[in-house]
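# Notes for the structure review
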Amino acid sequence: QVQLVESGGGLVQPGGSLRLSCTASGSIFSIKTMGWYRQAPGKQRDMVATIISGGSTTYADSVKGRFTISRDNAKNTVYLQMNSLKPEDTAVYYCNADIIVTTTLRNRPYWGQGTQVTVSS
């Protein structure tokens with residue numbers, strides 16, 4: 001019923017930038033929180049940044065000042081602008097959204113398939 005499709009990952013040198021996008025589609029009534037999480041090999045999945053429908057944001061300490069999350073509510077899309085990338089930012093990045101679907105009017109989290117970000121020289 002609902003799909004989250006991510007794009008924008010890839011290989012970048014340290015100090016470089018990438019922009020991730022994630023668009024939700026399907027039987028969507030409304031979307032509350034949207035966010036980005038990441039998981040490095042052998043590690044747990046951690047929150048990177050979140051944004052609520054009104055625009056308030058939260059960031060992991062490790063990315064504050066370097067990453068910026070934003071959203072376009074009309075397009076059901078969330079973005080993550082990543083600047084000054086470091087090798088330790090290497091991970092699979094997952095999009096997450098709390099979505100109320102039209103069929104049930106119930107809220108539940110949805111996940112994207114993940115996109116690889118590799119920071120290496």
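Shown above is the structure to which this text applies.
Summarised in this report is the structure supplied together with it. Quick caveat, the model's predicted, so the values are computed rather than measured.

The subject of this paragraph is the overall build of the protein. Regarding its fold elements, the protein presents 0 helices and 11 strands. In the protein, the order of α-helices and β-strands from amino to carboxyl end is β-β-β-β-β-β-β-β-β-β-β. For a compact globule of 121 residues, the expected C-alpha radius of gyration is about 14 Å, and the protein comes in at 14 Å, within 12% of that figure. In terms of overall dimensions, the protein has a C-alpha envelope of 50 × 25 × 25 Å along the principal axes. Looking at the protein as a whole, 40% of its 121 residues are labelled buried. A separation threshold of at least 6 residues defines the contact pool for the protein, and within that pool the share at least 24 residues apart is 56%.

Think of it this way: side chains of opposite charge can pair up when their charged atoms draw near. Inspection of every chain in the model, using the stated rule, returns 3 salt bridges. Residue Asp-61 is joined to Lys-64 by a salt bridge in which the shortest nitrogen-to-oxygen separation is 3.1 Å. Among the residues examined, Asp-61 registers a relative accessible area of 64% and is labelled exposed.

Here the focus is the packing of aromatic side chains. Applying the stated criterion to the full structure yields 1 aromatic pair. Positioned over the ring face of Tyr-79 is Arg-19, at 4.1 Å from the centre of the ring.

Positive phi outside glycine occurs at Asn-76, with the angle close to 50°. Note that Asn-76 resides in the loop between strand S7 (67-72) and strand S8 (77-82). Judged by relative accessible area, which is 23%, Asn-76 ranks as partly exposed. Located in the positive-phi region is Ser-84, a residue other than glycine, with phi close to 50°.

Take the nonpolar core next. In terms of nonpolar packing, the biggest core is built from 31 residues, with Leu-4, Trp-36, Leu-80, Met-82, Tyr-93 and Ile-99 touching the most fellow members. The biggest single contributor to this core is strand S9 (residues 91-101), with 6 residues. Contact partners of Tyr-93, with chain neighbours within four places excluded, come to Glu-6, Leu-20, Trp-36, Tyr-37, Arg-38, Val-48, Phe-67, Leu-80, Met-82, Gly-114, Thr-115 and Val-117.

What follows is about the pairing of S7. Only one face of S7 is buried: it carries Phe-67, Ile-69 and Arg-71, and the other face, with Thr-68, Ser-70 and Asp-72, is open. Between the end of S7 and the start of S8, which pair antiparallel, lie 4 residues, with Asn-76 showing a positive phi angle near 50°.

Conventions and cut-offs
Residues numbered from 1 in each chain as written. Predicted model: local features only at pLDDT ≥ 70, side-chain atom pairs only at ≥ 80, totals over all residues. Heavy atoms only, no water. Helix = DSSP H or I, 4+ residues; strand = E, 2+ residues; numbered from the N terminus. Rg over C-alpha atoms; globule rule 2.2 N^0.38 Å. Buried < 20%, exposed > 50% of the residue type's maximum accessible area, 1.4 Å probe, protein only. Contact = heavy atoms within 4.5 Å. Salt bridge = Lys/Arg side-chain N within 4 Å of Asp/Glu carboxyl O. Phe/Tyr/Trp six-rings, centres within 6.5 Å; stacked < 30°, edge-to-face > 60°. Lys NZ or Arg CZ within 6 Å of the ring centre and 35° of its normal. Core = buried A, V, L, I, M, F, W, Y, C linked by side-chain atoms within 4.5 Å. Pairing = 2+ DSSP bridges.

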